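# Structure assessment
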Amino acid sequence: MDNKIRELIDELLDQATKEGFEEAEVNYSTDSSMAVSAREGKIIQFESCDSTALIFRGLYNGQMGYADTEDIQPDMIPFLLNQAKDNCSVLEVKEKITVFEGEKEYPDYDGFSEDIAKVDYDTLAEAALALEKELLAYDPRIEAVDDSYASYSSGEFYMKNTTDRFIEYLFQ
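Residues numbered from 1 in each chain as written. Predicted model: local features only at pLDDT ≥ 70, side-chain atom pairs only at ≥ 80, totals over all residues. Heavy atoms only, no water.

## Examining the nonpolar core
Core analysis: the biggest nonpolar cluster contains 20 residues, and I9, L12, L54 and F56 have the highest contact counts within it. Residue assignment for this core shows that the elements contributing at least two residues are α1 (3-18), β1 (23-39), β2 (42-60) and α2 (76-90). Of all the elements, α1 adds the most residues to this core, at 6 residues. Non-local contacts of L54, meaning those with residues more than four positions away in its chain, are made with I9, L12, V26, N27, Y28, A67, D68, T69, I72, M76 and L80. Grouped together as the second largest cluster of nonpolar side chains are 8 residues, A38, L124, A125 and A150 included. (Core = buried A, V, L, I, M, F, W, Y, C linked by side-chain atoms within 4.5 Å. Buried < 20%, exposed > 50% of the residue type's maximum accessible area, 1.4 Å probe, protein only. Helix = DSSP H or I, 4+ residues; strand = E, 2+ residues; numbered from the N terminus. Contact = heavy atoms within 4.5 Å.)

Here is the structure:
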């Protein structure tokens, strides 16, 4: 993850504390996906999508307020804090809600492969076409396949809170 994002998250948590949030948490995630569909031996559709989100939640006046954005810029900090405060002002939750303080130890997560991350359009197109061909060859009674589909998705997740707990991992 980009160090600028880490700094922005730290600044958001610092500012939240200065503005009276008793506890706060930030979740940052990215997702990148690609998909190819084939029919009758031809590629009929290709989709590619990238998304990023930052979610803030904070305990303010005994209520847990939420705010989120996909536009991650330094000037979004006041917006997120004000949105979360506004959210708190209309909530009437009676039970105590806190930020998760975390576990003493987390298991290692190794769900990311650099080799798999090299998947590109050509690889997915070949996979979708080969899958359709295999399905049609499997049994002579199979006359057509609606769509053959191959996809790939990857991203990252980062969570940090005011108790200095954080989790970070890449996924596919």
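## Quick notes on the sheet that holds strand β5 (residues 166-171)
Ordered in space as β3-β2-β1-β4-β5, the 5 strands form an open sheet in which the pairing is antiparallel. Either end of the sheet is taken by a strand with one partner, and the two such strands are β3 (63-69) and β5. Direction aside, the axes of adjacent strands within the sheet are offset by 15° on average. Bridge count between β1 and strand β4 (residues 148-161): 14 bridges; the pairing is antiparallel. Paired with A38 across the two strands is S148, which belongs to β4. Sheet strands in contact with α1 are β1, β2, β4 and β5, and its direction is about 145° off that of β1. Together, β1, β2 and β4 form the strand contacts of helix α3 (residues 121-138), whose direction differs from that of β1 by roughly 55°. (Pairing = 2+ DSSP bridges. Axes fitted to C-alpha atoms, helices over the stretch in contact; angles between N-to-C directions.)

## A closer look at the pairing of β5
Summarising the sheet, β4 and β5 pair through 6 bridges and their orientation is antiparallel. In the sheet register, E156 faces β5, and the bridge partner there is L170. What sits between β4 and β5 in their antiparallel hairpin is a turn of 4 residues, with D164 showing a positive phi close to 65°.

## As for unusual backbone geometry
Of note, E40 is a non-glycine position whose phi angle comes to about 55°, a positive value. The phi dihedral of N61 falls on the positive side, at around 55°, and the residue is not glycine. Checked against the element boundaries, N61 lands in the loop between β2 and β3. Judged by relative accessible area, N61 falls into the exposed class, the value being 63%.

## A short note on the pairing of β1
Burial runs high along β1: 12 of the 17 residues are buried. In this sheet, β2 lies alongside β1 in antiparallel orientation, the contact comprising 17 bridges. When the sheet's bridge partners are listed, A24 is paired in β2 with G58. Between the antiparallel neighbours β1 and β2 lie 2 residues, among them E40 with a positive phi of about 55°.

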